[in-house]
Amino acid sequence: MPEQRSKGASLAAIVELAKVRITIAVTLSTLTGYILYSGVIDAKALWASLGVFLLASSSSALNQYQERKTDALMTRTRKRPLPSGRLSISQAFSVIILLFVAGSIILYLQTNLLSLGLGMLTFVWYNAFYTPLKYRTVYALLIGSVIGALPPVIGWTAAGGEITATPALYLAFFIYLWQVPHFILLLLMYGDDYRKAGLPVLTTYFSHVGVQRIMFVWINGTMITGFMLPFICRLDYLVSILLMFVLSAGLPLSMLLFVLTKTYFNPKRAFILMNVYLLLVMVIISIDRLL
């Protein structure tokens, strides 16, 4: 029994190291890009999604290794596998390498070199550029938002689409705009933790109300691009277009009173709302193209 508990604890630590909940979202956006081009979910779609999932999991695990000392200083992250000692450095590197190799092989064998190259670019962008940069400037979030924009393009190219195609690039641009307020909400939620660990935070340069208004500008940008998504991504059904309009208009309206006044603003509730909005957009696009 103790051995079984130990194996279960190790597996849970590996899942946490790979940030599986986040990588699932990355996988869904990859699948959306694939469906947007092909209109089907076939074996290649599943292989491409699995390859991206494994590569993103490896990248997330490497990120936790890079930030293990900072994580130990923050209440939110000090119980993660590396700072808490549930996994050793050697165990973490074994997981990182295994996930990276498996994801790369799957993308190479089941998709194409372009999709593999984009996957590698995302990996490098996250771990070699964004992670070190966020210790230097709070505006690193503008660089980091590129990471979330690339997976749907990987799905599009894996299905056979061209990387310069307007629907794929526009969907990537939409997700880029969505990611900036998403990051800002994280900073508002955990600003004290970040400050304690020596990381730069927006509230050092702007008041809380100022940060909320900056976020609202980006949310409006997300809304405008959301209005155009059905047309640029060539959705076929009127109900899909109407749902996209309602969702995109509802996003800023639901936060308007909080952002433009000094009323107490609940960033956690807004963060959940942002995530649900993106999930519903991907579901609408996927269902419309599959029908």
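Preceding block: the structure.
Analysis parameters
- Residues numbered from 1 in each chain as written.
- Predicted model: local features only at pLDDT ≥ 70, side-chain atom pairs only at ≥ 80, totals over all residues.
- Heavy atoms only, no water.
- Patch = residues over 30% accessible without salt bridge, like charges linked within 9 Å, V, L, I, M, F, W, Y side chains within 5 Å.
- Areas by Shrake-Rupley, 256 points an atom, 1.4 Å probe, with all protein chains shown as cover.
- Salt bridge = Lys/Arg side-chain N within 4 Å of Asp/Glu carboxyl O.
- Helix = DSSP H or I, 4+ residues; strand = E, 2+ residues; numbered from the N terminus.
- Buried < 20%, exposed > 50% of the residue type's maximum accessible area, 1.4 Å probe, protein only.
- Axes fitted to C-alpha atoms, helices over the stretch in contact; angles between N-to-C directions.
- Parallel < 35°, antiparallel > 145°, perpendicular 65-115°, else oblique.
- Left-handed = near helix turned anticlockwise from the far one by under 90°.
- Nonpolar A, V, L, I, M, F, W, Y, C, P; charged D, E, K, R; others polar.
- Core = buried A, V, L, I, M, F, W, Y, C linked by side-chain atoms within 4.5 Å.
- Contact = heavy atoms within 4.5 Å.

### Regarding a nonpolar patch on the surface
Right, on to step 1. On the surface, I24, L28, Y237, V239, L243, L279, V283, I287 and L291 cluster together to form a nonpolar patch covering roughly 790 Å² of accessible area.
Right, on to step 2. Every element with two or more residues in the nonpolar patch is listed here: α2 (20-38), α12 (238-260) and α13 (267-290).
Right, on to step 3. Among the elements that line the nonpolar patch, the one with the most residues is α13, at three residues.
Right, on to step 4. For L279, the location among the structural elements is in helix α13.
Right, on to step 5. The class for L279 is partly exposed, based on a relative accessible area of 41%.

### Some words on the packing of helix α10 (residues 166-196) against helix α11 (residues 208-232)
Right, on to step 1. The contact between α10 and α11 brings their axes to 9 Å, and the two run at 160°. Regarding the angle of α10 to α11, the classification is roughly antiparallel. Crossing handedness for the pair α10 and α11: left-handed.
Right, on to step 2. Looking at the contact of α10 with α11, its residues break down into 22 nonpolar, seven polar and no charged.

### Quick notes on the nonpolar core
Right, on to step 1. Ranked by size, the top nonpolar core spans 57 residues in total, and within it F174, I184 and L229 carry the most contacts.
Right, on to step 2. For this core, the secondary structure elements donating two or more residues are α3 (43-66), α7 (113-133), α8 (140-149), α9 (151-158), α10, α11, α12 and α13.
Right, on to step 3. For this core, the leading source of residues is α10, giving 17 residues.
Right, on to step 4. If sequence neighbours within four positions are ignored, L229 has contacts with Y170, L171, F174, R234, M244 and V281.
Right, on to step 5. If you look at the next biggest cluster of nonpolar residues, it comprises 14 residues, including A61, L82, L87 and I96.

### A short note on unusual backbone geometry
Where the residue is not glycine, phi is negative for most of them; where a peptide bond is considered, it is trans in most cases.
Right, on to step 1. In this structure, K19 takes a positive phi of about 50° despite not being glycine.
Right, on to step 2. Looking at the element boundaries, K19 is found in the loop between α1 (2-17) and α2.
Right, on to step 3. Phi at R234 is positive, roughly 60°, even though this residue is not glycine.
Right, on to step 4. Along the chain, R234 turns up in the loop between α11 and α12.
Right, on to step 5. When its relative accessible area of 59% is taken as the criterion, R234 is described as exposed.

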